[in-house]
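# Per-entry structural report
Given next are the chains, with one letter for each unit.
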Amino acid sequence: MGDARDRAPVTVTACPDGPLLVRGPARIVDGEGREVERRRATVALCRCGGTGIPPWCDGTHKVNGYRSGDSG
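Residues numbered from 1 in each chain as written. Predicted model: local features only at pLDDT ≥ 70, side-chain atom pairs only at ≥ 80, totals over all residues. Heavy atoms only, no water.

What follows covers the overall build of the protein chain. Looking only at helices and strands, the protein chain has 1 helix and 3 strands in total. Taken over 72 residues, the protein chain has a buried fraction of 25%. Of the contacts made within the protein chain by residues no fewer than 6 positions apart, 27% connect residues no fewer than 24 positions apart. For the protein chain, the exposed area adds up to about 5,200 Å²; of that, 50% sits on carbon and sulfur atoms. (Helix = DSSP H or I, 4+ residues; strand = E, 2+ residues; numbered from the N terminus. Buried < 20%, exposed > 50% of the residue type's maximum accessible area, 1.4 Å probe, protein only. Contact = heavy atoms within 4.5 Å. Areas by Shrake-Rupley, 256 points an atom, 1.4 Å probe, with all protein chains shown as cover.)

So, in structure tokens, the structure goes:
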């Protein structure tokens, strides 16, 4: 049986014109199916494609004109 963290809910929030915020024990994998190490309980995944530290957001969306199309 896993501990309480294994059963904690995962929430993914799409930030307008920004990253996806992932809260909870989600397993993040790369295109090859290899697990990407998480060092924080909440992580920001890049949606703009301009990050220098994929898959994580580095704030590049603020300067490259990325627009998500969200109305919020």
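The next thing to look at is the state of the cysteines. Enumeration according to the criterion identifies 0 disulfides in this entry. Cysteine C15 remains unbridged, with the sulfur of C57 as its closest cysteine sulfur at 8.4 Å. Not engaged in a disulfide, the cysteine C46 finds its nearest cysteine sulfur in C48; these two sulfurs lie 3.8 Å apart. (Disulfide = S-S within 2.5 Å.)

We now examine the environment of D58. Here D58 lies in the segment after β3 (42-45). Residue D58 is classed as partly exposed on the basis of its relative accessible area of 37%. Here the alpha-carbon distance between D58 and P19, two residues 39 residues apart in the chain, equals 9.2 Å. If sequence neighbours within four positions are ignored, D58 has contacts with T51, G52 and I53. Within the structure, D58 has its side chain in polar contact with the side chain of T51 (distance 3.4 Å). Of note is the side chain of D58, whose polar atom sits 2.4 Å from the side chain of T60. (Polar contact = N/O pair within 3.5 Å; in protein donor to acceptor, adjacent residues only side chain to side chain.)

With that out of the way, let us pick up the pattern of salt bridges. Counted by the stated rule, this structure contains 3 salt bridges. For the salt bridge of D30 with R34, the shortest nitrogen-to-oxygen distance reads 3.0 Å. The partner of R39 in a salt bridge is E37, with the nearest N and O atoms 3.8 Å apart. Across the pair, E37 and R39 agree in class, each one exposed. (Salt bridge = Lys/Arg side-chain N within 4 Å of Asp/Glu carboxyl O.)

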